[in-house]
Structure formats: structure tokens, C-alpha cells
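The lines below spell out each chain.
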Amino acid sequence: LGAAEAREMPADRDKSGMIRIGSNECWTGPFPAGIAAGEAAVRLGNRYEPTHMRRTLIENVAAVENVPASHILPWPGSSDPLSRVIVTFCSPTRGLVTANPTYEAAWRTADWLQAKSTTVPLKAANRYAVDVRALLAADPHAGVYYICSPNNPTGTLTPIADIAWLLDNKPAGSIVLVDEAYIHFAGTQSAASLVTRSKDIIVLRTFSKLFGMAGLRLGLSLAHPETHQKMMRYDGANQSGTLSIVALAAGGASVLRAQDIVARRNEMIAAREETFAFLKKRGVSFIPSQANMFMIDWKKPAAPIRQAFAAQNIDIGRSWTLWPNCSRITVGSAADMKAFCGALDKIVA
Ligand code: PLP
């Protein structure tokens, strides 16, 4: 795309005109403050790290999250540290335990490592929170207990008290990994408050979701420095060269925008709740969510329904093997969700 064309294109459409509510991205781009900081950083692109942008990001996150700067590591997204935690703390003799359905990246890395993956089904009885006691019982000697909260794909939260219980009761030498990719959409208490209490918890964050920076690539891990050191065995603790200054600058400016964060969350909640009201009226079954995604239970195979939406130029999300009748829907803009509801009436009338 030329620059002019890109500027004219609404943020929630790609060139094909497809409405993208399938990948849990944000319906809009970075905050204006993030864009301005990123644009300024582009001009300094001849230098590796010219103005301490990495340090500024860390200091800003420390101030906002009330976590010591020593416990914060930036990454190009959260996928890399997620895999590293599995590689570092799982092995053929110490497995991974997760809920199901959840974000599968941890399982994939565990499979590659030939570490055993054990899963515990999410249940309606506790509103699809991760049952931490069942997680521990499923493998009392695991290397990593992975909790995604809010969970992808259900958007459901696991209470911090339960995560703290797991941290207090898990076996020695194992890690509680809390993936908070969607926490800003929930606006609830974060497990970040636990990283100064124990060396055995790692919290992951990303700028790919509410901050609208998926393509810019920036994420964070929050953990004790000794725990981070274990994840950095082959590239040293400063990851020189892996982070773009554009992402660092945009992220560093964005984390301080408390009002923008709340406004974006509220915009998403309004679109989500309007969609939920519509689904209720139509008698379509769904799981209430605290994040920018939710699961619809079509009560019949979801794959053909996804294709039918694609034929209407709407990319809805995929299914999980455990729940083949359910589709994950990302909450897009109000206009996206209106289009989704209109198409739903045509497809499942
Ligand atoms: N964790 C969860 C739960 C996700 O849903 C995703 C992306 O969809 C990621 C991690 C990885 O995202 P990124 O590498 O863009 O931070």
C-alpha cells in the first residue's frame, strides 16, 4: 500500500474489504501518542538503540504496574518468551499442564521438547475459570503450569487468589506461567503483583492486543531477575538487537495513556455487550466473556459456519479440537459487530 492509500483505509479493513474478527487483534491501530513516538523513532533508525528507549519503556511499565524495573524484560511480542519458558522449565521428565481449550503455543513447544502435556477441561460450573486445584492434581510434578487469564479463546478470568494458591502449593522448581495478553480488556487485578513474592511465577504481557501493535512486535515478561536469567542462556540478558526502536518507542509512550486504555476498553465492552444482547434475542448460545473475544456454540459443526461468514466477507475465528461446535469471535469495532450480527441472521436463520 502507498502511504496515502494506507491513511485513507479504515483501520478495521484490509485491502480485500474483509472484516477481520478472527485473530483477536484490535480493531484500530496504536494510540496517537504511540504512533507519534514510533514515527519519531523511525528517523533515528540508523542507530541500534540511540535514546535509551528500552530503558524508558521499562521505567514506564515499572511505574504503571508497580513492579521493580529489575523484574521487567521487553521482547518482540510475547510468543518468544512463552516458548522460552517451556524450553527452560519443561523437559521429558517435567511436563506442562494447562486448561483446555486455551492458547496452544505452550503445548506445541512442549511437544517439540517431548515433554508431556496434560490438560484440564474448562467447565461452566466455575464460569470457565482455570481450576487450579485440578491443574495441580493432573500432574503434581509438572515443570510449568500455564494459565491464560483472560483465557484465549473463552475470554474468561481466573481469580488472582487461585493463581496465588497454585503458586503456594505447586512443587518446588516448577513455574506458574500467567499469560495476560488480554488483561487490559478486562481491567482487573493482574498477577504482576505476585512477581515480587516468588521466583517461580512469570507473567507475560503483549502490546499486540489492546495497544493495537500486533504487527510492530512488542511484549514483556515480568519475573524475578534470576528466573529471567535462566531464560536467557544463549543470548545474554540485554537481548541486544532483537527489539525494534519503533516498537520500543511506541510501547513506551502507550503504556502511560491510562485514559486511552480505559476508553478503548469501554468501546470494546459496549460493542461486545450489544452483540451479546443480539445473540440472546436470537437464542444463540455463547459464553460470557471479560475480554475482546467470546465463544459461540452453534450446536453443530463450526467449520462450515466459518466458511459461510467468509463468503459474507467476515473472517470469524477458528474452533478448538475439544469444542468443534464453537467458534471464537473477536470483538471488533461497533460497525464490525453490526455486520457480524447482520451476517449471522442470514447464515443461521
Ligand atoms: N498469548 C496469547 C494468549 C495470545 O492469544 C497470543 C496471540 O494471539 C500470544 C500470546 C502471542 O502474541 P504476541 O507474540 O503477538 O505477543
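The rules behind the values
Residues numbered from 1 in each chain as written. Predicted model: local features only at pLDDT ≥ 70, side-chain atom pairs only at ≥ 80, totals over all residues. Heavy atoms only, no water. Pairing = 2+ DSSP bridges. Helix = DSSP H or I, 4+ residues; strand = E, 2+ residues; numbered from the N terminus. Axes fitted to C-alpha atoms, helices over the stretch in contact; angles between N-to-C directions. Contact = heavy atoms within 4.5 Å. Salt bridge = Lys/Arg side-chain N within 4 Å of Asp/Glu carboxyl O. Buried < 20%, exposed > 50% of the residue type's maximum accessible area, 1.4 Å probe, protein only. Near = heavy atom within 4 Å. Polar contact = N/O pair within 3.5 Å; in protein donor to acceptor, adjacent residues only side chain to side chain. Areas by Shrake-Rupley, 256 points an atom, 1.4 Å probe, with all protein chains shown as cover. Nonpolar A, V, L, I, M, F, W, Y, C, P; charged D, E, K, R; others polar. Parallel < 35°, antiparallel > 145°, perpendicular 65-115°, else oblique. Left-handed = near helix turned anticlockwise from the far one by under 90°. 1 Å grid on protein atoms, 1.4 Å probe; cavity = no way out; pocket = protein on both sides within 12 Å on 5 of 7 lines; lining within 4 Å. Points joined across faces, edges and corners; volume = space filled by probe spheres on them. Domains from an automatic or database assignment.

1. Here's the deal with the sheet that holds strand 3 (residues 96-100)
Turning to step 1, where the next piece is worked out: Spatial strand order, 2-8-7-6-5-3-4: seven strands in an open sheet with mixed pairing. In this open sheet, the two edge strands, each paired with only one partner strand, are strand 2 (72-75) and strand 4 (117-121). The mean angle between the axes of side-by-side strands here comes to 20°, regardless of whether they run parallel or antiparallel.
Turning to step 2, where the next piece is worked out: Bridge count for strand 5 (residues 144-148) against strand 6 (residues 175-179) is five bridges, and the pairing is parallel. Bridging across to strand 6, Val144 finds its partner in Ile175.
Turning to step 3, where the next piece is worked out: Across the sheet, helix 4 (residues 79-89) lies against strand 2, strand 3, strand 5, strand 6, strand 7 (201-206) and strand 8 (219-222), angled at about 165° from strand 6, the strand it touches most.
Turning to step 4, where the next piece is worked out: On top of the sheet, helix 5 (residues 105-113) reaches strand 3, strand 4 and strand 5; it is set at about 145° to strand 3, its chief contact.

2. A word on the pattern of salt bridges
Turning to step 1, where the next piece is worked out: This structure, assessed with the given rule, holds 15 salt bridges.
Turning to step 2, where the next piece is worked out: Residues Arg20 and Glu25 are paired through a salt bridge, measuring 3.2 Å at the closest nitrogen-oxygen approach.
Turning to step 3, where the next piece is worked out: With a relative accessible area of 40%, Arg20 lands in the partly exposed category.
Turning to step 4, where the next piece is worked out: Between Arg257 and Asp260 there is a salt bridge; the shortest N-O distance is 3.1 Å.
Turning to step 5, where the next piece is worked out: Among the residues examined, Asp260 registers a relative accessible area of 23% and is labelled partly exposed.
Turning to step 6, where the next piece is worked out: Look at the salt bridges and you will find they share partners, linking Glu65, Glu180 and Arg205 into a network.

3. Notes on the site of the ligand
Turning to step 1, where the next piece is worked out: In the vicinity of the ligand there are 13 residues, among which Ser79, Asp179, Tyr182, Thr206 and Ser208 approach most closely.
Turning to step 2, where the next piece is worked out: Residue Asp179 places a side-chain N or O atom 2.6 Å away from a nitrogen atom belonging to the ligand.
Turning to step 3, where the next piece is worked out: For the ligand, whose unbound accessible area comes to 400 Å², protein coverage reaches 92%.
Turning to step 4, where the next piece is worked out: Split by residue class, the shell around the ligand holds four nonpolar, six polar and three charged.

4. Some words on the packing of helix 4 against helix 5
Turning to step 1, where the next piece is worked out: Orientation of helix 4 relative to helix 5, taken along the N-to-C sense of each, is 40°, at an axis distance of 9 Å. In terms of their interaxial angle, helix 4 and helix 5 are classed as oblique. Crossing geometry of helix 4 relative to helix 5 is assigned as right-handed. Between helix 4, through Leu82, Ser83, Ile86 and Val87, and helix 5, the contact on the second element is made entirely by Ala105, Ala106, Thr109, Ala110, Trp112 and Leu113.
Turning to step 2, where the next piece is worked out: When the residues that make up the contact of helix 4 with helix 5 are grouped by side-chain class, the tally is eight nonpolar, two polar and no charged.

5. Description of the layout of surface pockets
Turning to step 1, where the next piece is worked out: Its volume calculated, the second largest pocket comes out at about 290 Å³.
Turning to step 2, where the next piece is worked out: As for the second largest pocket, its lining consists of 19 residues, of which Ser79, Tyr103, Tyr182, Ser208 and Lys209 are closest to the centre.
Turning to step 3, where the next piece is worked out: If you list the elements that add at least two residues to the lining of the second largest pocket, you get helix 4 and strand 5.
Turning to step 4, where the next piece is worked out: Here the residues of the lining of the second largest pocket sort into seven nonpolar, seven polar and five charged.
Turning to step 5, where the next piece is worked out: Mapped onto the domain boundaries, the lining of the second largest pocket takes at least three residues apiece from domain 1 (3-30 + 258-347) and domain 2 (32-254).

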